[in-house]
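Notes for the structure review
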Amino acid sequence: SMMRNNSVIRTAVREMGKQRHADSRWLSFSQLSTTSTPEDYLKGTTTHFGFEEVLVNQKEEKVKDVFRSVADNYDVMNDFMSGGLHRLWKDELLNMTGVRSIASALRSSSHSHKEEQSEEAGHLLSILDVAGGTGDVAFRFLEAASCPERAKSSGKDEIAITVCDINSDMLRVGEKRARERYGNAVMDKSQAIRFKEGNAQTLPFDDNSFDIYTIAFGLRNVTDVDMALRDAHRVLKPGGRFLCLEFSHVTNPVFASVYDQYSFNVIPALGEIVANDRSSYQYLVESIRKFCNQEELKARLEANGFVGCKYTNMTGGIVAVHEGWKAL
């Protein structure tokens, strides 16, 4: 019932609040521990789609259907699913990339060496945001790197952000929002941002193309996570950095039980009210429970070629940012 759901929401938000106060900036860093090599993410002909067992070759289409269904309400539902915290988590992801400082340094240095710059010099900073169709993360990069401001001048921007998503409906929403929010120049003139359809497991980009690769709330929906990590490694330049923001496993047992109540009782009900779509949100909740825990995902990064891997828990482990580097 809705009354029971409301009290669960209040309790969950109260617990989230306590968790935030208990840990300034809601962060706790893990040590760079060494872990054993994990088993392959895919074993045999079936895999999980939420709590359902499906054939490996069916999962991609089923996930596409979910995001086709939620595309227009996706950002509103993220607010409900996280009590608005997804905005803070994405802000923290932006801070962790250092894009604001990097862009500022690059812009001032490119300004002073303008006459030496040739068109062939390529971009000074290339960022790829995978599974980011609606632009939520990419727009943070765009603003932090002052791309809308730069678009007022002539020529192509030295900083380029590429949004890649498997779902054309999500990309449609993102592209529309980019034009509404920043005008056409950032896409058509300075080309600071572009939207590209593609699969995280077989990205439509050359080897060694990007300085930074981010994926927020997307990795758990990929059919073969190992394959996606290998391809992330492939498209990064040597010295490039991978960052994944994803729902993870809550560390405190009391908090975990409140979070479970909220997830399974409230989120599907909200999906029904806001988007008239209980089943998609039921899947999103279940997919979180089926995904790797913090240590396992870190081990997968290492097994697929990344170095210097670590993770940062936020809000008691509801989400974590995993990061790794492509060796020089």
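In this numbering scheme, every chain counts its residues from 1 along its sequence in written order. Selection of residues for local features in this predicted model requires a pLDDT of at least 70, selection of side-chain atom pairs for listing and counting requires 80 or more, and totals for whole chains, interfaces and linings are taken over all residues. Side-chain numbers come from the whole structure's heavy atoms, not from hydrogens or water.

As for the side chain of Arg150
Secondary structure counts use DSSP, requiring at least four H or I residues in a row for a helix and at least two E residues in a row for a strand, with both numbered from the N terminus. Note that Arg150 resides in helix 7 (residues 147–150). In the analysis that follows, any N or O atom pair within 3.5 Å is treated as a polar contact, provided that within protein one partner can donate a hydrogen and the other can accept it, and provided that, for residues neighboring in sequence, both atoms belong to side chains. A polar atom in the side chain of Arg150 sits 3.3 Å from the side chain of Glu158.

Points about the pattern of salt bridges
By definition, a salt bridge exists where a carboxyl oxygen of Asp or Glu is found within 4 Å of a side-chain nitrogen of Lys or Arg. Within the structure shown, the criterion is met by 23 salt bridges. Asp136 serves as the salt-bridge partner of Arg140, at 3.7 Å between the closest nitrogen and oxygen. Taken together, the residues Arg140 and Asp136, both in helix 6 (residues 136–144) and 4 residues apart, mark about one turn of the helix. Asp136 carries the same exposure label as Arg140, and that label is buried. A salt bridge links Lys237 to Asp211; its shortest N-O distance comes to 3.3 Å. You can see Lys237 sitting in strand 8 (residues 236–247) and its partner Asp211 sitting in strand 7 (residues 210–216), a full 26 residues away along the chain. A single network of salt bridges, built from pairs that share partners, joins Lys90, Asp91, Asp136, Arg140 and Arg177. Each residue is placed in one exposure class: buried if its accessible area under a 1.4 Å probe, protein chains only, is under 20% of its type's maximum, exposed if it is over 50%, and partly exposed if it falls in between.

Examining empty space enclosed by the protein
Put simply, the grid is 1 Å and covers the protein atoms alone, a cavity is a trapped set of points that fit a 1.4 Å probe, a pocket is an open set with protein on both sides within 12 Å along at least five of seven lines, and lining residues have an atom within 4 Å of a point. Grid points are joined across faces, edges and corners, and a volume is the space filled by probe spheres set on the points. Here the structure, examined in full by the defined rule, presents 4 cavities of 30 Å³ or more. Computed from the structure, the largest cavity encloses a volume of approximately 440 Å³. Around the largest cavity, the lining comprises 32 residues; the ones closest to its centre are Ala131, Asp165, Ile166, Gly218 and Asn221. Mapped by element, the contributors of at least two residues to the lining of the largest cavity are helix 2 (56–70), helix 3 (74–82), strand 4 (125–130), helix 6, strand 5 (159–165) and strand 7. Sort the elements by how many residues they give to the lining of the largest cavity and helix 2 lands first, with 4 residues. By residue class, the composition of the lining of the largest cavity is 14 nonpolar, 12 polar and 6 charged. Looking at the second largest cavity, the residues that line it are Met81, Phe247, Tyr259, Ser263, Ile267, Val285, Ile288 and Arg289. Side-chain classes follow a simple rule in which Ala, Val, Leu, Ile, Met, Phe, Trp, Tyr, Cys and Pro form the nonpolar group, Asp, Glu, Lys and Arg form the charged group, and the remainder, Gly included, forms the polar group. For the lining of the second largest cavity, a count of residues per class yields 6 nonpolar, 1 polar and 1 charged.

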